[in-house]
Amino acid sequence: MDQYKQSHSKIAFSYQRVSHVKQAREGKKGLARQHEDFAPFCQRHGLTPNPNPVREKGLSAYHAQHIKKGALAGFLKAAEDRKIPWGSVLVVEDWSRFSRRKASYSQEMLQQLWNLGCALAWVREDVVITRERFDEDQALRIKLDLAMQAAHDFSRGLAVTGTQVWDLREKDFFESGVKYLSMASAPDWVRINDEKADFEENERAEWMRDIFKLRTEGKGSKQIALAMNDLGRQLSEGGSFSEGRVGRILRDRRLLGEKAFKSGRVSKNYFPRVIDNKLWHKVQSLMDAEPGGTGRGDEVNNILQGITRCTCGGTLSWQGCHRDKETGSYRYHYLVCQNKKNGTCTAPKGNWRYDEELLLHALMNQRWEDFFVEPADTKKLSELQNRLRKEEEAIDDQKDKELTIQENIEKTMASPGCKPADVLMMTRALESAQKRRVESEKIAAAISNEIEVLSLAPSIDQMKKEVKIRTNAFLANLGDSEERRDFNNWINTFPITVELEHKTGQMRFKKADGGVEKLDVYREGETIVLDQTRHDAELFGLDL
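Computed from a prediction, not measured in an experiment: that's the story for all the values here.

Student: Account for the pairing of strand β15 (residues 496-500), with residues named and values stated.
Tutor: In the case of a regular strand, side chains alternate between the two sheet surfaces. Of all five residues in β15, five are buried, a share of seventy percent or more. Here β15 shows two buried faces, one formed by I496, V498 and L500 and the other by T497 and E499. Looking at chain direction, strand β11 (residues 308-310) and β15 are connected through three bridges and run parallel. Note on β15: the bridge partner recorded for T308 is V498. Sheet topology places β15 next to strand β16 (residues 507-511); five bridges connect them, and they run antiparallel. Paired with I496 across the strands is K511, a residue of β16.

Put into structure tokens, the structure is as follows:
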């Protein structure tokens, strides 16, 4: 047995949990009651009390939220990392504080504690549940089985009316602005500020901004996950960042402060806004164009990796030939169409001889105004603004109707001759009006986002300047692998593809959406030629 397991420190940790933050506020006795018997229990069982309780505010033991992202999850992770002494005891007032899950899952939680070298103390039954005690004491096993079933049945009964309760909480929020402060449905980059009775950012909010910043630099979800893991950052429930988790974060509208209720209604400022609109829309456009990003961060041999295409539409990948046995370098470099592997390439036979100088020269001289500046679509903007005004008027009308119906319901119920059928009919009319308003609010939110996107077009002068600065910086560090990766990531944020023709070696910059061809770039001997004839002909409608 290793030194860690030889330690038999009987340190006790008081675990206190309430399902809602209101139960932890001043004047409430839930946490205090759970703690008051801790010291006497430790004294009776020869345990050394840890002065810092493991406290859980607003996480459910029925849905196992406390072992996914709560204080208990942190305790278990610390025990796994051997930061909790072997032989320590987690002390709970009653079984329901520890678990309200089904018996099989509750027993798994006990097994997890034992496997980590810890035990569970049950104050109400005045017992420390070690693996040995559990195996030997049949009466204890029966008590535990009954307690597991009772705790689960109680919470299941509450869950039956849970939907109605959440409907009331939603109604209360939209009418009075009072939030139901619980971490159960809150993102892990916020915490509850008891004094302000509101949510606020925690340290993980800055991580979210880092993730978005890395995406604007062209890094894909895999690369971002690797970067976060390299910094030692972990998910709130423990474990490493993954490509899938990063992808979900980049689409999570709660970062804009939004909360979507089950009814479909959305509150714009329910949570703190972590990502501003401009950054959000920039990342969404990148995600729509290339959801997965640009790979794991492997070596970049083709500096335009990710955007180079064959004339058949296939992806061009770098390939080296005639490798030097001593230096390991290749004598010849080509870009090969991947469609050749399955015989679907329709381009002339041959590969494109890789010419990095040509690629960079073309990049420096490209007419970026064709890509970054679109004519201001004032007609479309005007149409969107008119539609938004109409939807906002419809929302106001629906609110007036709801208020009128609500007042009629109250008057009818207060009258001596109140008929239940009349109340039921008006209640259905109220629900129908609310549903129409929710739909109008969704449409209005979508139109607002579209208007905002139209106003975020980048400045052509800024983009031209950035292209030159970034390309010159890269030219000064051609051999730096990290610089090559960063440069390639950045190029992949542009809305372009570069089509290369095998036979002539010509290069055409094209819009990623399949728009008009741009200037041709190729070599005549050692001379780089930028042929704008085709581009200008198309620009002025000429037929060559």
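Student: Account for the packing of aromatic side chains, with residues named and values stated.
Tutor: Centre distance and the angle of the planes are the two values used to describe a pair of aromatic rings. As enumerated under the stated definition, the model contains eight aromatic pairs in all. Measuring from centroid to centroid gives 5.3 Å for W95 and F98, while their planes differ by 70 degrees, and the two rings are edge-to-face. Here W95 pairs with F98, and both are found in helix α5 (residues 95-98), just three residues apart, close to one helical turn. Both residues of the pair, W95 and F98, belong to the buried class.

Student: Describe the sheet that holds strand β12 (residues 316-323), and please don't skip the residues or the numbers.
Tutor: Strand order across the open sheet formed by three strands is β12-β13-β14, with antiparallel pairing between neighbours. Each end of this open sheet is capped by a strand with a single partner; those strands are β12 and β14 (352-353). As paired elements, β12 and strand β13 (residues 330-337) share seven bridges and run antiparallel to each other. Bridge pairing in β13 places G320 opposite H333.

Analysis parameters
Numbering of residues starts from 1 in each chain and follows the order in which that chain's sequence is written. Only residues with pLDDT of at least 70 are given local features in this predicted model, and only at 80 or more are side-chain atom pairs given and counted; all residues enter the totals for whole chains, interfaces and linings. Here the side-chain values reflect all heavy atoms present in the structure, with hydrogen atoms and water set aside. Burial classes follow relative accessibility: with a 1.4 Å probe on protein chains only, a residue under 20% of its type's maximum area counts as buried, one over 50% as exposed, and anything between as partly exposed. Strands here are runs of E lasting at least two residues and helices are runs of H or I lasting at least four, both read from the DSSP assignment and numbered beginning at the N terminus. Should DSSP find at least two bridges between two strands, the strands are taken to pair. Each pair of aromatic rings taken from Phe, Tyr and Trp, with Trp reduced to its six-membered ring, is defined by centres within 6.5 Å and is described as stacked if the planes are under 30 degrees apart, edge-to-face if over 60, and tilted in the remaining cases.

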